Number of protein chains: 2
Amino acid sequence: MTRDDEEPVGLDALDRVTWALRRAELAVQTLKEQRLRPLGMAAAHYTLLMSVHSEPGLAGAELARRLDVTPQAVASLVARLEGRGQLERRAHPRHRHVQELHLTDAGREALRAADQVIADIERRITEDLGPEESAQLRTLLNRVGKTVRDA
Amino acid sequence: MTRDDEEPVGLDALDRVTWALRRAELAVQTLKEQRLRPLGMAAAHYTLLMSVHSEPGLAGAELARRLDVTPQAVASLVARLEGRGQLERRAHPRHRHVQELHLTDAGREALRAADQVIADIERRITEDLGPEESAQLRTLLNRVGKTVRDA
DNA sequence: TCATCAGTATCAAACGTTTGACAGCAAGCT
DNA sequence: AGCTTGCTGTCAAACGTTTGATACTGATGA
């Protein structure tokens, strides 16, 4: 490296990949939140319900790991959703201290309504990109995730 | 659309583009935070310093719009960075109520150190992807952002 | 058997952000 | 001039999350 990199600071920061990534994610998240609000649901609630739906019966701590959030954050969401009757905590058959998480019928219905909204956003994106480039974007994003996690 | 989409809920949610987007952004953000911590700086601080560096002299509210955060969040960050002597607020020449934001020398130095860390992460990603696909990823992400913002 | 260890859940406190409301300043208009 | 409108910055309160600490359970190994 004989090049003279002694710039005061990178001036090319605006067109970095991670910058574009942040902007895109922020925009998507904002739109989701906005569309979900009329249904009385936050994006975090939807994410949690969807996770429980796809893998019923796992514990809060385990769920927290999958979503990359703290166990307390999950507990907070679970408490709220349980209060609404959309989620239910059952005692684990073997480990008494552990609680399995399951969706109630009301929870399934709420998730169904929310997922229509989310799926619509997803559809708008994939239609704009086209099927080929959507798949490519997914691949690239997964590769970035893997690279960064291994760092 | 004669297809029967009456699934109880999308079971394909795990390989949606927006899901991959969330995972990737989360991983990148986590790594940034982790690498920036030893320097006593949060990712939000870095972002703010970088923005002020690239466009000095703009007001807090204007800065908030560029970063897609609330003015209060900016004010909070500015207060902290000003307390550290990395940022300075000057009275606008015409509008007395408005305050221009400028970096101090200490701020420039802190930004330089932080940017080495961030640029290293960026480099790791772009090297892993290759220049061609990095550019493509950037393009796709920008398109997603634009599509979603127009929705 | 008993002791240690890993994993889960819960509590309390600190932190950062959002929301809502307020006051000040400049430009535009009647 | 006087008035409205738009934008700015600040304050206070509510909310959600993280951090740190604690109690309990089941499994592991001496």
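Placed above this text is the structure.
Here's a quick rundown of the structure. (Residues numbered from 1 in each chain as written. Chains lettered and ligands numbered in written order. Predicted model: local features only at pLDDT ≥ 70, side-chain atom pairs only at ≥ 80, totals over all residues. Heavy atoms only, no water.)

**Quick look at the overall build of chain A**
Counting its regular elements, chain A contains 6 helices and 2 strands. Its helices and strands taken in sequence order, chain A reads α-α-α-α-β-β-α-α from the N to the C terminus. The C-alpha extent of chain A, read off along each of the three principal axes, is 65 × 35 × 25 Å. Put simply, 53% of the contacts in chain A that link residues at least 6 apart link residues at least 24 apart. Only carbon and sulfur atoms are counted for the fraction: they give 50% of the accessible area of chain A, which is about 8,500 Å². On chain A, the mean spot of the 23 positive side-chain charges and the mean spot of the 24 negative ones are 7 Å from each other. (Helix = DSSP H or I, 4+ residues; strand = E, 2+ residues; numbered from the N terminus. Contact = heavy atoms within 4.5 Å. Areas by Shrake-Rupley, 256 points an atom, 1.4 Å probe, with all protein chains shown as cover. Lys, Arg positive; Asp, Glu negative; His and termini not counted. Charge placed at Lys NZ, Arg CZ, Asp CG, Glu CD.)

**Some words on the interface of chain B and chain A**
Contact with chain B, which involves 60 residues of that partner, is made by 60 residues of chain A. Carbon and sulfur atoms make up 64% of the area that chain B and chain A hide from each other, which totals about 5,800 Å². Summed over the shared surface of chain B and chain A, the result is 6 salt bridges. The partner of Asp68 of chain A in a salt bridge is Arg23 of chain B, with the nearest N and O atoms 3.6 Å apart. (Buried area = accessible area lost by both parts, 1.4 Å probe. Salt bridge = Lys/Arg side-chain N within 4 Å of Asp/Glu carboxyl O.)

**What about the protein's contact with DNA strand C?**
Near DNA strand C, the surroundings consist of 18 residues, among which Ala61 and His97 of chain A together with Thr70, Gln72 and Arg80 of chain B are the closest. Considering DNA strand C, the proportion of its atoms within 4 Å of the protein that are sugar or phosphate atoms stands at 81%. With respect to DNA strand C, the side chain of His97 of chain A contributes an N or O atom lying 3.1 Å from a base oxygen. Looking at the surface near DNA strand C, the elements with two or more residues in it are helix H3 (60–67) of chain A together with helix H4 (71–83) of chain B. (Near = heavy atom within 4 Å. Polar contact = N/O pair within 3.5 Å; in protein donor to acceptor, adjacent residues only side chain to side chain.)

**With respect to the environment of Arg112 of chain B**
Inspection of the secondary structure assignment puts Arg112 of chain B in helix H5 (residues 105–129). When the C-alpha atoms of Arg112 of chain B and Leu49 of chain B are compared, they prove to be 9.9 Å apart, with 63 residues separating the residues in sequence.

**Things to note about the nonpolar core**
Ranked by internal contacts, the top residues of the largest apolar core, which has 30 residues, are Leu137 and Leu141 of chain A together with Leu137 and Leu141 of chain B. Beyond its immediate stretch of four places on either side in the chain, Leu137 of chain A contacts Leu129 of chain A together with Val17, Leu137, Leu140, Leu141 and Val144 of chain B. (Core = buried A, V, L, I, M, F, W, Y, C linked by side-chain atoms within 4.5 Å. Buried < 20%, exposed > 50% of the residue type's maximum accessible area, 1.4 Å probe, protein only.)

**Quick look at the protein's contact with DNA strand D**
Taken together, the neighbourhood of DNA strand D is formed by 18 residues, with Thr70, Gln72 and Arg80 of chain A together with Ala61 and His97 of chain B sitting nearest. Put simply, 79% of the atoms of DNA strand D that lie within 4 Å of the protein are in sugar or phosphate. One nitrogen or oxygen atom from the side chain of Arg65 of chain B is found 3.1 Å from a phosphate oxygen belonging to DNA strand D. The contact in question runs from a phosphate oxygen of DNA strand D to an N or O atom on the side chain of Arg89 of chain B, over 3.4 Å. Breaking the surface near DNA strand D down by element, the ones donating at least two residues are helix H4 (71–83) of chain A together with helix H3 (60–67) of chain B. Tallying contributions element by element places H4 of chain A first for the surface near DNA strand D, with 4 residues. Here the residues of the surface near DNA strand D are counted per class, giving 4 nonpolar, 9 polar and 5 charged. (Nonpolar A, V, L, I, M, F, W, Y, C, P; charged D, E, K, R; others polar.)

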